[in-house]
Amino acid sequence: MLKRQLGKNGLEVSALGLGCMGISYAYGPALEKKAATALIRGAFDKGVNFFDTAEAYGPFTNEELLGEALAPIRDQVVIATKFGFKNGLPADGLDSRPENIRKVVEHSLRLLKTDRIELLYQHRVDPQVPVEDVAGTVKELVEAGKVLHFGMSEAGVETIRRAHSVLPVAALQSEYSLWWREPEKDILPTLEELGIGFVPFSPLGKGFLTGAIDANTKFADDDFRNVVPRFTEESREANKRLVDVLGVIADSKGATRAQVALAWLLAQKPWIVPIPGTTKLNRLEENIAAASLSLTNDDLASIATALAHIQIVGDRYPAHLQKNVNR
């Protein structure tokens, strides 16, 4: 798989990464350990060298699983993880105090069975802690060799600028896909200006853009999508039009909806690296094949025309989580 650069300080990763959250968190029952390891190693064997996790995914179980799976190939991969919640639990609130950042990093290093974290994200901006203090603490960890690059997640433009003035931000991770294009207004121009890479999570709309979810789909009781307004039955029915349009384009390319959605993201900027997640080997192979799918200017124009006539229904987060984004 071709490589892409995140930021200007030499962080090179595969054009597609693997978002590991869903392996053990948020989308129903966790994968059995053997199957999870096979999935992670299968991704590596097919060219993926960029793996995304966080202390909050579990909490802690995702990092531990990833550390064990990647241990034999540690020097050939790039690991991204995150800090920013009390006790590693989003429900407990935010915590980006310097002492917590240092504590989380030491714990993550142990769980990941490594001596350095290639990319360390602030998971959500903490309004109680100046971002300059956050960036300054990560800078100390960079100087100590425990962290190689600094990232932010779901941060707003001014916060990104303030952090970047203290320590270069290599990457911003936020949601971006054919059904959530808000970053195009202010975020993408800012990242381009500052030389910051972009790592879209949920690039397949939490599975919706694959066409495998419709108004009748039932999610597991512990699936996060049960509380997402965009996934109510009414919203899914209303948003079906986007999936239908994707299907027409995919059929014309001899591809799948997921592959077109990922190829569209890759075509937006050369410094965009989506991290689709999955628990299924066949979906993993399908996603990875998207890196080889080329969309022509005519394809992109057709998609743009179709999108201009589609109104997406439903917020991407419930209200209590929406307050933590774009700060």
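Data block above holds the structure.
To keep things clear, this report deals only with the structure shown in the data block. (Residues numbered from 1 in each chain as written. Predicted model: local features only at pLDDT ≥ 70, side-chain atom pairs only at ≥ 80, totals over all residues. Heavy atoms only, no water.)

Digging into the sheet that holds strand β8 (residues 169-175)
- Read across the open sheet, the 7 strands follow the order β3-β4-β5-β6-β7-β8-β9; overall the sheet is parallel. Edge strands, defined here as strands with exactly one partner in the open sheet, are β3 (18-19) and β9 (197-201).
- Here strand β4 (residues 50-52) pairs with strand β5 (residues 78-83) via 3 bridges, running parallel. Residue pairing for β5: F51 is matched across the bridge by I79. (Pairing = 2+ DSSP bridges. Helix = DSSP H or I, 4+ residues; strand = E, 2+ residues; numbered from the N terminus.)

Considering the layout of surface pockets
- Estimates place the volume of the second largest pocket at around 260 Å³.
- Taken together, 15 residues line the second largest pocket, and the ones lying closest to its centre are W180, E182, P183, I187 and N326.
- Looking at side-chain class alone, the lining of the second largest pocket contains 6 nonpolar, 3 polar and 6 charged residues. (1 Å grid on protein atoms, 1.4 Å probe; cavity = no way out; pocket = protein on both sides within 12 Å on 5 of 7 lines; lining within 4 Å. Points joined across faces, edges and corners; volume = space filled by probe spheres on them. Nonpolar A, V, L, I, M, F, W, Y, C, P; charged D, E, K, R; others polar.)

Some details on helix α5 (residues 131-143)
- In this model, α5 (13 residues) spans 18 Å end to end at C-alpha, consistent with the 18 Å of a helix rising 1.5 Å per residue.
- Among the residues making up α5, those that are buried are V131, V134, A135, G136, T137, V138 and L141.
- Where the residues of α5 are buried, they touch β5, α4 (98-111), β6 (117-122), β7 (147-153) and α6 (157-166).
- Positive phi shows up at G145, right after α5, with a value of about 80 degrees. (Expected span 1.5 Å × (residues − 1). Buried < 20%, exposed > 50% of the residue type's maximum accessible area, 1.4 Å probe, protein only. Contact = heavy atoms within 4.5 Å.)

A look at helix α3 (residues 61-70)
- Counting buried residues along α3, 7 of its 10 residues qualify, which places the element largely inside the surrounding structure.
- Of the residues making up α3, those classed as buried are N62, E63, L65, L66, G67, A69 and L70.
- Residues of α3 that are buried sit in contact with α1 (21-24), α2 (33-45), β4, β5 and α4.

Topic: the pattern of salt bridges
- Under the defined criterion, the tally for this structure stands at 24 salt bridges.
- Two residues, E285 and K46, come together in a salt bridge whose shortest N-O distance is 3.7 Å. You can see E285 sitting in helix α11 (residues 281-289) and its partner K46 sitting in the loop between α2 and β4, a full 239 residues away along the chain.
- Residue class for K46 comes out partly exposed when judged on its relative accessible area of 37%.
- Taking the shortest distance from any N to any O, the salt bridge between R316 and E154 comes out at 2.9 Å. In this pair, R316 sits in the loop between α12 (297-308) and α13 (319-322) while E154 sits in the loop between β7 and α6, placing the two residues 162 residues apart along the sequence. Comparing R316 with E154, the two get one shared label, buried.
- One network of salt bridges, in which partners are shared, links R74, D75, D115, R116 and E118. (Salt bridge = Lys/Arg side-chain N within 4 Å of Asp/Glu carboxyl O.)

With respect to the side chain of S96
- Mapped onto the fold, S96 is located in the loop between β5 and α4.
- A polar contact is formed between the side chain of S96 and the side chain of Q122, at a distance of 3.0 Å.
- Beyond its immediate sequence surroundings of up to four residues, S96 is in contact with F83, G84, I101, Q122, R124, D126, V129 and V134. (Polar contact = N/O pair within 3.5 Å; in protein donor to acceptor, adjacent residues only side chain to side chain.)

What about the pairing of β7?
- Of all the 7 residues making up β7, 6 are buried; the element is thus mostly covered by neighbouring parts of the structure.
- Bridge analysis of β6 against β7 gives 5 bridges, and the strand direction is parallel. Of the residues in β7, the one forming a bridge with Q122 is M152.
- Examined bridge by bridge, β7 and β8 share 4 bridges and lie parallel to one another. Each bridged residue has a counterpart across the sheet, and for G151 the counterpart in β8 is A171.

Let's talk about the side chain of T137
- By the element assignment, T137 lies in helix α5.
- Discounting chain neighbours no more than four positions away, the residues touching T137 are P98, I101 and R102.

Quick look at the packing of aromatic side chains
- Inspection of the entire model under this criterion finds 8 aromatic pairs.
- A centroid spacing of 5.8 Å and a plane angle of 25 degrees characterise the contact between Y25 and Y57, whose relative ring orientation is stacked. Linking Y25 in the loop between α1 and α2 with Y57 in the loop between β4 and α3, this pair joins segments that are 32 residues apart in sequence.
- Overall, Y57 belongs to the buried group, its relative accessible area being 7%.
- Here F219 and F231 contribute two aromatic rings whose centre-to-centre distance is 5.8 Å and whose plane-to-plane angle is 75 degrees, an arrangement assigned as edge-to-face. Of the two residues, F219 sits in the loop between β9 and α8 (233-238) while F231 sits in the loop between β9 and α8, which places them 12 residues apart along the sequence. Like F219, the residue F231 is buried in the burial classification.
- K206 extends its terminal NZ or CZ atom over the ring of Y317, reaching a point 5.7 Å from the ring centre.
- The ring of W179 has R230 sitting right over it, with the charged end atom 4.9 Å from the ring centre. (Phe/Tyr/Trp six-rings, centres within 6.5 Å; stacked < 30°, edge-to-face > 60°. Lys NZ or Arg CZ within 6 Å of the ring centre and 35° of its normal.)

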